[in-house]
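# Residue-level structural notes
Here are the chains, one letter per residue:
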Amino acid sequence: MEFGVGSVIEGKVTGITKFGAFVSLPEGKSGLVHISEIAYTYVNDVKDYLQEGQDVKVKVIGIDENGRINLSIKKAQDPPPRPAAPRQGGGRPGGGGRPMGFTGQRKPAEPTTFEDRLKQFMQSSDSKLSEMKMNERKGSRRGGRK
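Remember, predicted model here, so these are calculated numbers, not experimental data.

## Observations regarding the sheet that holds strand β4 (residues 55-63)
Taken in spatial order, the five strands line up as β1-β2-β3-β5-β4 and close into a barrel, and their pairing is mixed. Going across the sheet, the axis of each strand differs from the next one's by a mean of 50 degrees, ignoring polarity. Sheet topology note: the strand β3 (residues 30-34)/strand β5 (residues 69-72) ladder contains three bridges and is parallel. Counted as the bridge partner of glycine 31 is isoleucine 69 from β5.

## Overview of a nonpolar patch on the surface
Among the surface-exposed residues, Phe114, Leu118, Phe121 and Met122 lie close enough to one another that they form a single nonpolar patch of about 440 Å² accessible area. Structurally, phenylalanine 114 is set in helix α1 (residues 114-140).

## Here we look at the pairing of β4
Successive residues of a regular strand alternate their side chains across the two faces of the sheet. Bridging between strand β1 (residues 8-17) and β4 involves five bridges; their strand directions are antiparallel. Paired with glutamate 10 across the strands is lysine 57, a residue of β4. Across four bridges, the pairing between β4 and β5 is antiparallel. The residue of β5 that forms the bridge with isoleucine 63 is isoleucine 69. From the end of β4 to the start of β5, which pair antiparallel, there are five residues, and glycine 67 there has a positive phi angle of about 85 degrees.

Calculation notes
- Residues numbered from 1 in each chain as written.
- Predicted model: local features only at pLDDT ≥ 70, side-chain atom pairs only at ≥ 80, totals over all residues.
- Heavy atoms only, no water.
- Pairing = 2+ DSSP bridges.
- Helix = DSSP H or I, 4+ residues; strand = E, 2+ residues; numbered from the N terminus.
- Axes fitted to C-alpha atoms, helices over the stretch in contact; angles between N-to-C directions.
- Patch = residues over 30% accessible without salt bridge, like charges linked within 9 Å, V, L, I, M, F, W, Y side chains within 5 Å.
- Areas by Shrake-Rupley, 256 points an atom, 1.4 Å probe, with all protein chains shown as cover.
- Salt bridge = Lys/Arg side-chain N within 4 Å of Asp/Glu carboxyl O.

Structural data, given as structure tokens:
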């Protein structure tokens, strides 16, 4: 059975380290599940989630030029459902609508895509850089105007 990136296969945990777990795969191959790919929650200690000899379902997420196989346990599973945001009934009797007494403006929505976040970062960075340069010019004047 030949497997490549994206394959979901069964394996057995053969070793546990502080940075992940080694898993034996079919055809005598083995791969590493990095600690960040074990669970959808923060993993402080791999031994809290896995034991040697345990059968696991893993997804091949990478094979480098040296033939090392990177695996993920969490990507071989469906992600856990996100908790629903708590609904606020508003300030009126009867619920719904806007809470009474709130007149402030809404905070702009955070960018959702990487590109939007990068664009926002670049704009902020350019603004700070130009402000720094302007302050530097003001400070370099000797006996400058007031």
